[in-house]
Amino acid sequence: MGNLFLFLLLGAVFYYIFKSYGRYTAEYSQETFKNFSVSYESLKNSDLGLFVALVAKVAKADGHVDALEAQLVGIMFDDISKVFPEPAKTKDILKQIFNEEKERRDNTEQIAHALAEALRRNKAQQEQFMGFLIQLAFADGEVTQSEEEVLTTIAEAFAFDPQKYHAIFDQFEAMMKNIRPQATLDDAYKILGVSKNDDMSTIKKAYRKLVRQYHPDIIKSQGKSEEYIKEATAKTQEINQAYEMIKKARG
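The rules behind each value
Residues numbered from 1 in each chain as written. Predicted model: local features only at pLDDT ≥ 70, side-chain atom pairs only at ≥ 80, totals over all residues. Heavy atoms only, no water. Core = buried A, V, L, I, M, F, W, Y, C linked by side-chain atoms within 4.5 Å. Buried < 20%, exposed > 50% of the residue type's maximum accessible area, 1.4 Å probe, protein only. Helix = DSSP H or I, 4+ residues; strand = E, 2+ residues; numbered from the N terminus. Axes fitted to C-alpha atoms, helices over the stretch in contact; angles between N-to-C directions. Parallel < 35°, antiparallel > 145°, perpendicular 65-115°, else oblique. Contact = heavy atoms within 4.5 Å. Nonpolar A, V, L, I, M, F, W, Y, C, P; charged D, E, K, R; others polar. Salt bridge = Lys/Arg side-chain N within 4 Å of Asp/Glu carboxyl O. Left-handed = near helix turned anticlockwise from the far one by under 90°. pLDDT = per-residue confidence, 0-100. Patch = residues over 30% accessible without salt bridge, like charges linked within 9 Å, V, L, I, M, F, W, Y side chains within 5 Å. Areas by Shrake-Rupley, 256 points an atom, 1.4 Å probe, with all protein chains shown as cover. Lys, Arg positive; Asp, Glu negative; His and termini not counted. Charge placed at Lys NZ, Arg CZ, Asp CG, Glu CD. Expected span 1.5 Å × (residues − 1). Arc of directions from axis to C-beta.

Ranked by size, the top nonpolar core spans 51 residues in total, and within it Val-55, Met-76, Met-130, Ile-134, Ile-154 and Phe-158 carry the most contacts. Counting residues per element, this core draws most heavily on helix 3 (residues 47-59), which supplies 10 residues. Among the nonpolar cores identified, the runner-up in size contains 17 residues, and Tyr-207, Leu-210, Tyr-214 and Met-245 belong to it.

At a minimum axis distance of 10 Å, the contact between helix 7 (residues 123-137) and helix 8 (residues 145-158) shows a crossing angle of 175 degrees. Taken together, helix 7 and helix 8 sit at an angle that is classed as roughly antiparallel. Contacts between helix 7 and helix 8 involve Lys-123, Gln-126, Met-130, Leu-133, Ile-134 and Ala-137 on the former and, on the latter, Glu-147, Leu-151, Ile-154, Ala-155 and Phe-158. Among the residues making up the contact of helix 7 with helix 8, the classes are represented as 8 nonpolar, 1 polar and 2 charged.

Using the criterion set out here, one finds 9 salt bridges in the structure. Measuring nitrogen to oxygen at the nearest pair gives 2.8 Å for the salt bridge that ties Glu-31 to Lys-34. A relative accessible area of 52% means that Glu-31 is categorised as exposed. Three or more residues are tied together by salt bridges with common partners; here these are Lys-44, Lys-57 and Glu-101.

Bringing the packing of helix 6 (residues 108-118) against helix 8 into the picture now. Contact pair helix 6 / helix 8: the axes reach a minimum separation of 8 Å and the direction vectors enclose 35 degrees. In this structure, helix 6 crosses over helix 8, and the sense of that crossing is right-handed. Counted together, Thr-108, Glu-109, Ala-112, His-113, Leu-115 and Ala-116 of helix 6 and Val-150, Thr-153, Ile-154, Ala-157 and Phe-158 of helix 8 form the full contact between these two elements. Across the contact of helix 6 with helix 8, the residue classes break down as 7 nonpolar, 3 polar and 1 charged.

Before going further, it helps to spend a moment on the environment of Gly-63. Relative to the elements of secondary structure, Gly-63 occurs in the loop between helix 3 and helix 4 (67-81). The spacing of Gly-63 and Ser-146 is 83 residues in sequence and 8.8 Å in space, taken between C-alpha atoms.

This paragraph deals with the environment of Thr-32. Take Thr-32: it is sitting in the loop between helix 1 (3-17) and helix 2 (40-44). Thr-32 gets classed as partly exposed once you look at its relative accessible area, which sits at 42%.

Let us now look at the confidence of the model for the protein chain. Any residue range with low pLDDT should be treated as having predicted coordinates unsuitable for detailed reading. Put simply, the protein chain has an average pLDDT of 80, and 75% of its residues get 70 or more. In this model residues 14-26 is a low-confidence stretch, pLDDT under 50, and it forms 48 contacts with partners more than four residues away in sequence or in other chains.

Time to look at a negative patch on the surface. Together, Glu-148, Glu-149, Asp-170 and Glu-173 line one region of the surface with negative charge. Of all the secondary structure elements, the ones that give two or more residues to the negative patch are helix 8 and helix 9 (162-176). Mapped onto the elements, Glu-148 comes out in helix 8. For Glu-148, a relative accessible area of 35% translates into the label partly exposed.

Moving on, we come to helix 5 (residues 87-101). The terminal C-alpha atoms of helix 5, which comprises 15 residues, lie 21 Å apart, in line with the 21 Å expected from a rise of 1.5 Å per residue. Inspection of helix 5 places Thr-90, Ile-93, Leu-94, Ile-97, Phe-98 and Glu-101 among the buried residues, and these make up the whole buried set. In a view along the axis of helix 5, the buried residues occupy a sector of 140 degrees, so they form one face of it.

Pasting the structure below:
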């Protein structure tokens, strides 16, 4: 039962890693970017554009961008584009940057250095971005050697504290060991709030709604308590497994 199950679990863990993000949202708000001229060049050279480029490197490090990574990245595009003028145009450009950069491996260190320079006075933000990249690498359940090499290149360019890096990495690794299977197919339908008579389009829509509900905005911290984080993690385990079970049962 694996991949989609892992994705939503990681979405909940995202609350834990990024729970203090609210203190830094002033830098990424509609007010901040109200006079921003949206263009390919301006977005590509912004710190969020540089971050999207690094996301592309991690997502394609193992040779392909799988469905889990694509969905996680798609939500990220929605989150980022909302703070810029012309969100639809912004989202299209972010996709263009992503698609271009995922095919290149020669400039990872250069882009990471550029983002590190842009964030040199905000180490906490570097930590949050690094956490997202590690999360993305774990989206399919394990980190390959090529993914780890890309993460290491980025962390070194950031001059990222190795202890913090391994602490974040180990959090995800520990979460992977705690996954438990769901009981029955009937339970799966109940968890998603759908009927066994519903078609896959309806079920997929319900699943995506729950993904959105339990996936925190990369721009805004949800500011949830530790207890809520635990509950959200348990819930996302159920949601992931439920959707995967239904897909498997229906071929």
